[in-house]
Amino acid sequence: MTYEPSEAKIISVKKYAEDVKLFKVKTKINPLPGQFFQLSILGIGECPLASCSYNKKYADVLVKNSGSVTNTLFNLKKGDGVFIRGPYGRGYNFKEIEGKNLVLAAGGTGIAPVASLIDYIEQNRKNFGEIKILFGFKDESFILLGDRIERWKKKFDFTLCLDKYAGKLKYEVGLLPDILKKKKINSENTCGVLCGPEIMMKSATAKLNSVGIKNDKIYWNMERRMECAAGSCGRCLIQDLYTCKDGPVFRYDIIKEKLENESAK
Ligand SMILES: Cc1cc2nc3c(=O)[nH]c(=O)nc-3n(C[C@H](O)[C@H](O)[C@H](O)COP(=O)(O)OP(=O)(O)OC[C@H]3O[C@@H](n4cnc5c(N)ncnc54)[C@H](O)[C@@H]3O)c2cc1C
Ligand code: FES
């Protein structure tokens, strides 16, 4: 693990929504699915980001313009440089999820680590069983990675859920957990992989529990504010667990009580 940032050039920028862009960045620091790196911009600061691709040549960073670093990044273009350190954290535990059927449910920019996992699954398809994917967005103008979604629809059981939609195209309309509730899910040898707002992951977990998928087969991807990203500063603690070091991917049976204690404070 390194704290030393290295410079990485932006290879391309693609706008997906008013406040979300995809930056392809040339770097050898490419996290495993579910891990993250710290991206910094000189004079501004740094923040944790996931890559939504799995490969060793570049990182694809799907960025929501939400504050100081991401706002500055938003104004950068092809050829500009950023700094990256990492990768950090524990991603998806392949020993636990390979050989299983997976239900992947993610919303908004929360699709980033899950997209990296899907990349991994595409490259190692024989290691996994049935793959059911649900991605949720506010409305049509917020659909992210639409080009990849078209590809995934041909390969997997893929559902695109929009909170609101009044047009003619075929989307499922409603909140992602409500759409998940209507899906037929085979619980045998199946794991759930969830990423997005905690309230969404909680409702989706309830649905997975109701069909017999237990908490030790469900993975939550957590976000907390970070500084060191390496288990030293304590900024990212969820009770006694470090989001940066023990997570950001946690098995739900391990994190459930800690989150409940945290919100009871
Ligand atoms: C493991 C991990 C992976 C992530 N991956 C992605 C990703 O792939 N794409 C993505 O877009 N985002 C991702 N995020 C979220 C991203 O890191 C945050 O949104 C980050 O805060 C953006 O940094 P910033 O400097 O642009 O914004 P900030 O300046 O940090 O502001 C972000 C928001 O936090 C608020 N805020 C500022 N300071 C504080 C404070 N002290 N306490 C509470 N709130 C505060 C601001 O008002 C604003 O609403 C990830 C986070 C984690 C932990
Ligand atoms: S960010 Fe410092 S301990 Fe996790």
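Residues numbered from 1 in each chain as written. Chains lettered and ligands numbered in written order. Predicted model: local features only at pLDDT ≥ 70, side-chain atom pairs only at ≥ 80, totals over all residues.

Novice: Any chance you could explain helix H6 (residues 198–210) here in plain terms?
Specialist: Each α-helix winds once per 3.6 residues, and so residues spaced three or four apart point in a common direction. Taking 1.5 Å as the rise per residue, H6 with 13 residues should run 18 Å; its terminal C-alpha atoms sit 18 Å apart, in good agreement. Listed as buried for H6 are Met200, Met201, Ala204, Thr205, Lys207 and Leu208. For H6, the arc enclosing every buried residue in end-on projection is 160°, short of the 170-degree limit, so these residues lie on one face. Projecting away from the buried face of H6 at angles above 90 degrees are the exposed residues Ile199, Ala206 and Ser210. Looking at the buried side of H6, the elements it contacts are strand E7 (101–107), helix H5 (176–182), strand E11 (190–195), strand E12 (218–221) and helix H7 (252–264). Two residues or fewer after H6 comes glycine 212, characterised by a positive phi angle close to 105°. (Helix = DSSP H or I, 4+ residues; strand = E, 2+ residues; numbered from the N terminus. Expected span 1.5 Å × (residues − 1). Buried ≥ 20, exposed ≤ 12 C-beta atoms within 10 Å, placed from the backbone. Arc of directions from axis to C-beta. Contact = placed C-beta atoms within 7 Å.)

Novice: Can you help me understand the sheet that holds strand E4 (residues 45–49) in this one?
Specialist: Strand pairing in a sheet is mediated by backbone hydrogen bonds. Such pairs are either parallel or antiparallel. Within the open sheet, the 6 strands sit side by side as E4-E3-E6-E1-E2-E5. Their pairing is antiparallel. Edge positions in the open sheet fall to E4 and strand E5 (58–64), since each of these has one partner strand only. Geometrically, the sheet is characterised by an average inter-axis angle of 35° between neighbouring strands, direction not taken into account. Judged from the 4 bridges that link them, strand E3 (residues 36–41) and strand E6 (residues 81–88) form a sheet pairing that is antiparallel. Among the inter-strand pairings, glutamine 38 is bridged to a residue of E6, identified as arginine 85. (Pairing = 2+ DSSP bridges. Axes fitted to C-alpha atoms, helices over the stretch in contact; angles between N-to-C directions.)

Novice: Can you walk me through the domain arrangement of the protein in this structure?
Specialist: One frequent convention defines the size of an interface as the accessible area lost when the parts assemble. Taken domain by domain, the protein comprises domain 1 (6–88) and domain 2 (94–221). If you average the C-alpha positions of domain 1 and of domain 2, the two centres end up 24 Å apart. On the side of domain 2, 14 residues touch domain 1, which itself brings 12 residues to the contact. Elements that contribute at least two residues to the side of domain 1 that touches domain 2 include exactly strand E1 (6–17) and E5. (Domains from an automatic or database assignment.)

Novice: For this particular structure, what's the right way to read the site of ligand 1?
Specialist: In the vicinity of ligand 1 lie 22 residues, with Cys47, Lys64, Gly67, Val69 and Thr70 positioned nearest. Only E4, E5 and helix H1 (68–74) provide two or more residues apiece to the shell around ligand 1. Its residues assigned to classes, the shell around ligand 1 comprises 11 nonpolar, 7 polar and 4 charged. (Near = placed C-beta within 6 Å. Nonpolar A, V, L, I, M, F, W, Y, C, P; charged D, E, K, R; others polar.)

Novice: Can you help me understand the sheet that holds strand E8 (residues 131–137) in this one?
Specialist: If you walk across this open sheet you meet the 7 strands as E10-E9-E8-E7-E11-E12-E15, and the pairing is mixed. Strand pairing shows two members of the sheet lacking a second neighbour, strand E10 (172–173) and strand E15 (249–251), which therefore form its edges. In this structure, E12 lies alongside E15, joined through 3 bridges in antiparallel fashion. Counted as the bridge partner of tyrosine 219 is arginine 251 from E15. Where helix H3 (residues 111–123) meets the sheet, its contacts fall on E7, E8, E11 and E12, and the angle it forms with E7 comes to roughly 150°. Its contacts with the sheet put helix H4 (residues 146–155) on E8 and strand E9 (157–162), and the angle it makes with E9 is roughly 140°.

Novice: Before we go on, may I ask you to explain unusual backbone geometry in this structure?
Specialist: Of all residues except glycine, most have a negative phi; of all peptide bonds, most are trans. Following glycine 86, the chain continues into proline 87 via a peptide bond in cis, with omega recorded as 0°. You can see proline 87 is positioned in strand E6. In this structure, the amide linkage connecting glycine 247 to the following residue, proline 248, adopts the cis form with an omega of 10°. Summarising the element assignment, proline 248 is placed in the loop between strand E14 (241–242) and E15. Unlike most non-glycine residues, leucine 145 shows phi in positive territory, near 55°. Along the chain, leucine 145 falls in the loop between E8 and H4.

Novice: Got a minute to help me understand the pairing of E12 in this structure?
Specialist: In E12, alternate side chains face the same way, and those of Ile218 and Trp220 on one face and Tyr219 and Asn221 on the other are all buried. Here 4 bridges tie E11 to E12, and the two strands are oriented parallel to one another. Note on E12: the bridge partner recorded for cysteine 195 is asparagine 221. At this point the chain moves from E11, through H6, to the parallel E12, and the crossover so formed is right-handed. (Right-handed = clockwise from strand over helix to strand, strands pointing away.)

Novice: Just checking my understanding: could you explain the nonpolar core for this structure?
Specialist: Among soluble globular proteins, nonpolar side chains are generally buried collectively. Counting residues in hydrophobic clusters, the biggest one holds 75 residues, and the most contacted among them are Leu104, Ala105, Val114, Val193, Leu194 and Tyr219. Tallying contributions element by element places H3 first for this core, with 8 residues. When near neighbours in sequence (up to four residues on either side) are disregarded, leucine 194 contacts Ala105, Ala106, Met201, Ala204, Thr205, Ile218, Tyr219, Trp220 and Asn221. (Core = buried A, V, L, I, M, F, W, Y, C linked by C-beta atoms within 7 Å.)

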